[in-house]
Structure formats: C-alpha cells, structure tokens
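Commentary on secondary and tertiary structure
Spelled out, the chains give:
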Amino acid sequence: MRWWLVVACLWLTVVLVVTEAQTKTRHRHKRKNAADGRGRSRSGHSKSHKVRRVHGARIPLQTGDMQADTLFLESYKNFQDERFSYNVIPVPNDPSEPVKPLTPEEIQRILWREEEEHRELEERLRKRDEARKKRKKERKEQEEKQRKIVEEQRRMEEEELRRQLEKEEEEWRRKQEEDERRRQEEERRRQEEAKEKELKLEEERRQEENLREELLALVEEEDDKQEEEEEVWLRGDVFQMPTKDDEEPTEPVPIPGPPEVTGEEMKEMEVDAEEEGDEEEEREVVFENRGGLPPGCDISDVMVTCDNVKLTYFPPLSILELKSLSLEGNNITNIPAEAFNGIPNLEWINLKKNKLTSAGIDANAFKGLKTLRRLYLDGNLLETVPSNLPSTLQELKISENRLQRIHKNDFRDLGDLVILELEGNLLSESNVDPQGFSPLTQLSYLRLGRNHFRTVPQGLPGSLLELYLENNLIEEISETVFNQTHMLNVISLRHNRLDETKIAPLAWIQHRNIESIDLSHNDFYLVPSYLPKSLVHLVLVRNNIERIPGYVFAHMDPGLEYLYLSFNKLDGEGIEPESFFGAYHSMVELCLDHNQLESVPSGINEMTNLHFLRLNNNKIRSIPDESICDPGHSGDSTLAAVHLDYNYIDPLKISPTAFSCVRSSSSVVLKPQKTK
C-alpha cells in the first residue's frame, strides 16, 4: 500500500511541474513549440501533458546529453528500491504529440520531494510502533507486578496454612499423648483395684482361718487364748484382724517427732544462729557497698546483673566470690587491663550488645581469669578475636560482629573449647587460615552461619559433632573437606547455592556418623546421590526437586527414617517405583506436601514402619485401595496420621478399605479440598 502512495505523489508532482514548464515555454517559444510537434488547442493554448511512470529495471532516461544523464543517474541511485525502479516520462493529452523527457533537475526535485514524504511517513510509522511497544511493555510490567503480588499473597497464605496445620498436628499429638497417658492411668488403676480386691479376699480368708483357730483354742483353753491374743496384737497383726473399735479411730496416730534437745545443745544452736545472722548481715552490707554500680543492677551472692542500664564504662568491681557477670545491652566501648582484677573467679561473662571494638579491648584484659568457662561477645563491633583468652574457656560466642579474619593463633591454648559461634560476620574461605581451628581439639559445636563462605572451610577439628553453615554462599562440597571430621553427626547447609552436581561423590558417602543433613532452600533439581551411609534425617524443603532417582537411598544402613521434601516440584513422573528402595522398613516420617503429585506415589504401601505421611497440597484426585495400605501386610500397623487435605479428592468416592492400616479414622485429614 505504501508504494502506491509514493506513485500517486510522484504523478501529481510531475503533472504540476510539467504543466508550469509548458505554460512558460508556450509564451516564449510559440514557433519552436509548433516545430517540435507540440500542437495547440482550438482555443489557442497548449494542451496539458500527462505523466506516465514506466516500470523498468533501473534504466535511466536517455536525454542525449551525457552530462545530464550522468547527473540523473547519480541522483537517482539514492532513491532506488530493492525491487523496483521507475522512469518519469510526461504523457501528453494528444497521443500524436512527441514526448519530451523531464530534465534531471526536475526529476531530482520530484524524487527529493517524494523521498521527503516517504521519510515523514516512515517517521510516523516508527513513532506509532514505538508507542505501541511502550504500551505493551507497560502492560507487561503491570501484569508482572500483579503476578508477584498474587504469588506473595499465595505464599503468605500457604505459610499461614502450614503453621496452622503444624499447630493442629501438634495439638493432635498432644491430645493423643494425653489420651494414651489417661488410658495407661486407667489401666493401672484397674490393675491396682483388682490387686486390692485380691488382697481383701486374701485377708478375709486369713480372718476366717484365724477365727476358726481362735474358736478351737477357746474350746481347749480359754485362759491361754487371751494371753495368746494379746501377744498377737503386740506383734503388729492388727491389720489382719481389725475390730469394730479399730475401724473408726477417734484420734489420729501421732507422728514421731525429733529427739529432745538438751539445754546445752539449745544454747549452742542459738549461738551458731546468731553468728550466721551476723555473717549474712555483713555479706549484705559488703554487696551493697561494693562496686558503686548505678541503679538497676541486681546483685546476688555469686552474680551481678547490669543489663540495659546505659553503662558507658566497665564498672570497677571487687567481689572475690563473684562467679557470673552480665553487662548486656549497654554502651561499653573498652575493657581496660585491670577490669577483672577485683573479680578473678568469674566463670561466666556476658557482654552482648555493647559497642566494644578490637582496639578497645586490652590485650591482657582476660588473661588473669583462671576459671572462666563462658564468654559472650555477640552484637559488638569486633574485627578480630580478642587475644590471650583463658585456656579454661569452654564456650565462646562472637556472633553479629565485624570479624574479617581468623588468624592461625587466634584460638591458641583453647584446647578445652567445646562451643564456638561466629555467625553474622564477614568471614569467608579466603580470610580464614586453614590452621585457625587446629588448636580446638575438643570443639564439638561450630556455628558459621550468615557469613560469606563459598565453600566449606578447610581444617575443621576432628572432634566436631555439629556444623552449621546456613545462610552463606556455598556452591560446592569438595571430596576432602570432611576427611578429618570422622565424628561429625549434624550438618546444616540450608540457604546456600548447592545443587546435585556440586557435591563430590566421595564428599561424605563413607561417613559412618553423619545422621542429619539439612539442605533446604538450595538449588537442587534431584535428590542428591552419594549421601552418607549412616543418614537418618534428610531435609530438602524449598528446592526445585523434580525427581527422586531410583535406589538413591539403597546404600544407607540402617536406613533413612525422616525425609522432608515439602515445597518442591515433584509430579507423577518424578517418583519411580524404586525411588524409596532401601527405606521401606526404616521410613518413619515422609513429607511430600506442597508438590504437584497427581496420585499417591508407589512404594508408600510397602513402608512397614511409617508413622506420619503428608501428601496435602498436591493434585491428587483419587485414593486406590492399595496405594497407602498393603492388604497383604500382617502385623500391627504403625501409621498414625495421614494428611491428604487441599487436593482434588472426593471423600465420598474413597473405598472404606483405603485407610485400613491407619490406627484411627480420625487421624486421616481429608478436609478441606480444592475446588475443581
């Protein structure tokens, strides 16, 4: 359509130019126009020429003038189309009139004007396209914003629902425990009542026998009988033969009191009491006068607490028997060398949430504390670990500071340290010396969360039992990182950047003590292979898991017991018949809720030790008879709770035998369901 517009504009332009040129030429050269064959009309005026646009293959008009032809060619090249080229020829009204081609200047003007119009048209179209694209982009951004809002609302609803379900489940468990405890108490009471009845019957039989013996004795010797009866009563057999007077005693049996105290002993006791009272008064006076602490501090026999009283300096104390000192939540900026001279027997110091800096702590501030066991420095401004810490230290917390480096000798002489917490700092594998943890030969509990580690730090102590590295940037686990930690039992790697390809096959598969691993909130698409043989507890919540490979748990001994795969992307094709092979007799709790399952996964009915099963918030539409309960299984069932709510199940279409292996029908949660 665009080239027709160009043709029309060109034609009109040529007609106007030719008509004007002919009019001027007619008045000036009337005879010449007659000689050239330009006839005049009957009214004496020259006829108007028509302009014909000839389609050609880029062939210019031949004017006879070489220079004009050259100019025409050069001007015309700028306007050539990729598929078409045109020659402009004026068309006369009279076919017999000869055609005079336009001059190159005229054609050039026509072409320029047409090109200008063409550019204007293109510019309008371009602006229209840009406006359309802008509107499309704004609409797309609005849709994306709306989608995010909807997703956030759905996430909050799911989180609220999850908390509610957990609360309901906890209440249900508590109720079950209370019912079980009540049942056991009732059973025990029944047994006790039965035993009491048997004892009463036995007593009655004994009484009858005694009465019979007494009657026989009365017949033989009445006098001796009386003496024998008194002796029997004195031997403590009163509960065997109670009398009417003994059944309802008028006075309670007196409780034996303490032995009598002589006068001298009483005087000694009074003197001791007075001395103790004097000592307590002296102790209270000493505590009230020591330290000059500001109002708000609590002082007891072995502990001083000055939390959140706006202290700006370390208080001077002189209490030799003091064991614990808490100065949390103040504005203390430094600790001088003589700070603990008057309290050398401290065992616990709490300096959390102050404004301590590494430069503000004297190098010998803690050196004189020979009995210190616990030191808390969380929430300060420390950039390095304080020096010369006591060798008796067993627990050290320096979380939420600005630690930028762990040197080789930072933990020197801390061989008794058991717990070390360094969370919320600026540590990474590049600024932690591989030999930094080597002096900690007794360390069992290490927390390094909320730092900047990209790999698990090297040189972990061999005594380590629990390692927490959550909220870091860990992307891989090498083969050698756990070679020395043979005692490791618990590993937390949640909120990192791991996936199934970044864990080395020999990283931990040979470990015999690792029982719990938390890999939630990572980037796994598959349940990772080569997990530890001893694994019992595996958490993979909030990943992108789409498949559980077959035999992935087959190598575990004694077998996986707790598997949490909630909030992933599992569907019917992602779980194979062999996915749970190796865990059929060990699995106790299985959570597959908040996935995309359309049916109950195969293999669940073979789990003979399963207690809790969560399949809620999926796309399940039916429950076949043998999908959860195996009719061929003999023995007592262990399944205590099944969650199938928020699916697409019609409860009226479920077979009565579908949940035959569940201990109680009230333990099967089917409501509410999603609408179709």
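Note that the structure is a prediction, hence the values are computed from the model and not measured. (Residues numbered from 1 in each chain as written. Predicted model: local features only at pLDDT ≥ 70, side-chain atom pairs only at ≥ 80, totals over all residues. Heavy atoms only, no water.)

Thoughts on the overall build of the protein chain
Looking only at helices and strands, the protein chain has seven helices and 19 strands in total. Counting only residues that meet the buried cut, the protein chain has 37% of its 676 residues in that class. Residue pairs in contact within the protein chain that sit at least 24 positions apart in sequence constitute 57% of those at least 6 positions apart. Entry remark: accessible area of the protein chain is about 41300 Å², with carbon and sulfur atoms responsible for 49%. (Helix = DSSP H or I, 4+ residues; strand = E, 2+ residues; numbered from the N terminus. Buried < 20%, exposed > 50% of the residue type's maximum accessible area, 1.4 Å probe, protein only. Contact = heavy atoms within 4.5 Å. Areas by Shrake-Rupley, 256 points an atom, 1.4 Å probe, with all protein chains shown as cover.)

Side note on the layout of surface pockets
In this structure, the largest pocket spans a volume of roughly 620 Å³. Forming the walls of the largest pocket are 20 residues, and the residues nearest its centre are Arg154, Glu158, Arg542, Phe567 and His594. (1 Å grid on protein atoms, 1.4 Å probe; cavity = no way out; pocket = protein on both sides within 12 Å on 5 of 7 lines; lining within 4 Å. Points joined across faces, edges and corners; volume = space filled by probe spheres on them.)

As for the state of the cysteines
What we call a disulfide is simply a covalent bond connecting the sulfur atoms of a pair of cysteines. A complete count under the given rule lists two disulfides for this structure. There is a disulfide in this structure between Cys297 and Cys306, and the S-S distance comes to 2.1 Å. Residues Cys297 and Cys306 share a disulfide whose torsion about the S-S bond is about 125 degrees; that sign makes it right-handed. Each of the two residues, Cys297 as well as Cys306, counts as buried. A sulfur-sulfur separation of 2.0 Å characterises the disulfide bridge that pairs Cys629 with Cys661. Between Cys629 and Cys661, the S-S dihedral sits near -70 degrees, and the bridge is therefore left-handed. Of the two residues, Cys629 sits in the loop between strand S17 (612-614) and strand S18 (641-643) while Cys661 sits in the loop between S18 and strand S19 (668-669), which places them 32 residues apart along the sequence. Cys661 shares its class with Cys629; the two are buried. Taken in N- to C-terminal order, the disulfide-linked cysteines of the protein chain are connected 1-2, 3-4. (Disulfide = S-S within 2.5 Å.)

Observations regarding the packing of aromatic side chains
Across all of its chains, the model carries nine aromatic pairs by this definition. Considering the side-chain rings of Trp348 and Tyr376, the 6.0 Å spacing of their centres and the 80 degrees angle between planes classify their relative orientation as edge-to-face. Taken as a pair, Trp348 in strand S6 (residues 348-350) and Tyr376 in strand S7 (residues 374-376) lie far apart in primary sequence, 28 residues in all. Tyr376 shares its class with Trp348; the two are buried. (Phe/Tyr/Trp six-rings, centres within 6.5 Å; stacked < 30°, edge-to-face > 60°.)

Considering a negative patch on the surface
Together, Glu168, Glu170, Glu171, Glu177 and Glu178 make up a negatively charged patch on the protein surface. Here Glu168 lies in helix H4 (residues 104-220). (Patch = residues over 30% accessible without salt bridge, like charges linked within 9 Å, V, L, I, M, F, W, Y side chains within 5 Å. Salt bridge = Lys/Arg side-chain N within 4 Å of Asp/Glu carboxyl O. Lys, Arg positive; Asp, Glu negative; His and termini not counted. Charge placed at Lys NZ, Arg CZ, Asp CG, Glu CD.)

Quick word on a positive patch on the surface
A cluster of basic side chains, namely Arg135, Lys136, Arg139 and Lys140, defines a positive patch on the protein surface. When you line up the elements, Lys136 lands in helix H4.

Considering unusual backbone geometry
At the junction of Asp557 and Pro558, the peptide bond is cis and its omega measures out at 10 degrees in the coordinates. Among the secondary structure elements, Pro558 is positioned in the loop between strand S14 (537-539) and strand S15 (562-564). In the segment running from Lys671 into Pro672, the intervening peptide bond is cis, with an omega of 0 degrees. Of note, the phi angle at Asp413 is positive, near 70 degrees, even though the residue is not glycine.

What about the confidence of the model for the protein chain?
Looking at the protein chain, the pLDDT average stands at 80 and 75% of residues meet or exceed 70. Here residues 30-64 is modelled with pLDDT under 50, and outside its nearest four sequence neighbours on either side it reaches 88 contacts, counting other chains as well. Here residues 223-271 is a poorly scored stretch, pLDDT under 50, and it has 18 contacts once near neighbours within four places are set aside; other chains count. (pLDDT = per-residue confidence, 0-100.)

Thoughts on the environment of Leu327
When you line up the elements, Leu327 lands in the loop between strand S5 (324-326) and S6. For the pair Leu327 and Asp307, spaced 20 residues apart in the sequence, the C-alpha separation amounts to 5.0 Å. If we skip the residues at most four places from it in the chain, Leu327 touches Cys306, Asp307, Leu311, Phe314, Pro315, Ile332, Asn350, Leu351, Lys352 and Asn354.

Concerning the nonpolar core
Within the largest apolar cluster, 112 residues are counted, with the highest numbers of intra-cluster contacts made by Trp508, Phe553 and Ile628. Sequence-distant contacts of Ile628, that is, excluding residues within four places in its chain, are made with Val600, Ile604, Asn605, Leu613, Ile623, Leu639, Val642, Leu644, Ala658, Phe659 and Cys661. Listed in part, the seven residues of the second largest apolar core include Leu10, Val14, Val18 and Leu111. (Core = buried A, V, L, I, M, F, W, Y, C linked by side-chain atoms within 4.5 Å.)

Observations regarding the pattern of salt bridges
Enumeration over the complete set of coordinates arrives at 31 salt bridges. Put simply, Glu116 and Arg119 hold a salt bridge, and the shortest N to O gap is 2.4 Å. In this pair, Glu116 and Arg119 both sit in helix H4, three residues apart, roughly one turn of the helix. The class for Glu116 is partly exposed, based on a relative accessible area of 35%. The partner of Glu400 in a salt bridge is Arg450, and the shortest N-O contact between them spans 2.1 Å. Of this pair, Glu400 sits in the loop between strand S8 (395-397) and strand S9 (419-421) while Arg450 sits in the loop between strand S10 (445-447) and strand S11 (466-468), and the two are 50 residues apart along the sequence. Of the residues examined, Glu400 reaches a relative accessible area of 37% and is grouped as partly exposed. Ionic contacts of the salt-bridge type, sharing partners, join the residues Glu159, Glu160, Arg162, Arg163, Glu166 and Arg542 into one network.

Notes on the environment of Arg447
You can see Arg447 is positioned in strand S10. Considering only alpha carbons, one finds Arg447 and Glu423, 24 residues apart in sequence, at a separation of 6.1 Å. Once you skip the residues sitting within four places of it in the chain, Arg447 turns out to touch Leu420, Glu421, Leu422, Glu423, Tyr468 and Glu470. Within polar-contact distance, the side chain of Arg447 engages the side chain of Tyr445 at 2.6 Å. (Polar contact = N/O pair within 3.5 Å; in protein donor to acceptor, adjacent residues only side chain to side chain.)

Structural notes on the side chain of Asn618
You can see Asn618 is positioned in the loop between S17 and S18. Judged by relative accessible area, which is 0%, Asn618 ranks as buried. Reaching out from Asn618, the side chain makes a polar contact with the backbone nitrogen of Leu597 at a distance of 3.0 Å. Apart from the residues within four sequence positions on either side, Asn618 is in contact with Leu592, Asp593, His594, Asn595, Gln596, Leu597, Tyr646, Asn647, Tyr648 and Lys674.

Focus on the side chain of Asp518
Looking at the element boundaries, Asp518 is found in strand S13 (residues 516-518). A relative accessible area of 15% places Asp518 in the buried class. Within polar-contact distance, the side chain of Asp518 engages the side chain of Ser520 at 2.7 Å. Not counting residues up to four positions away in its chain, the partners in contact with Asp518 are Ile491, Ser492, Leu493, Arg494 and Val539.

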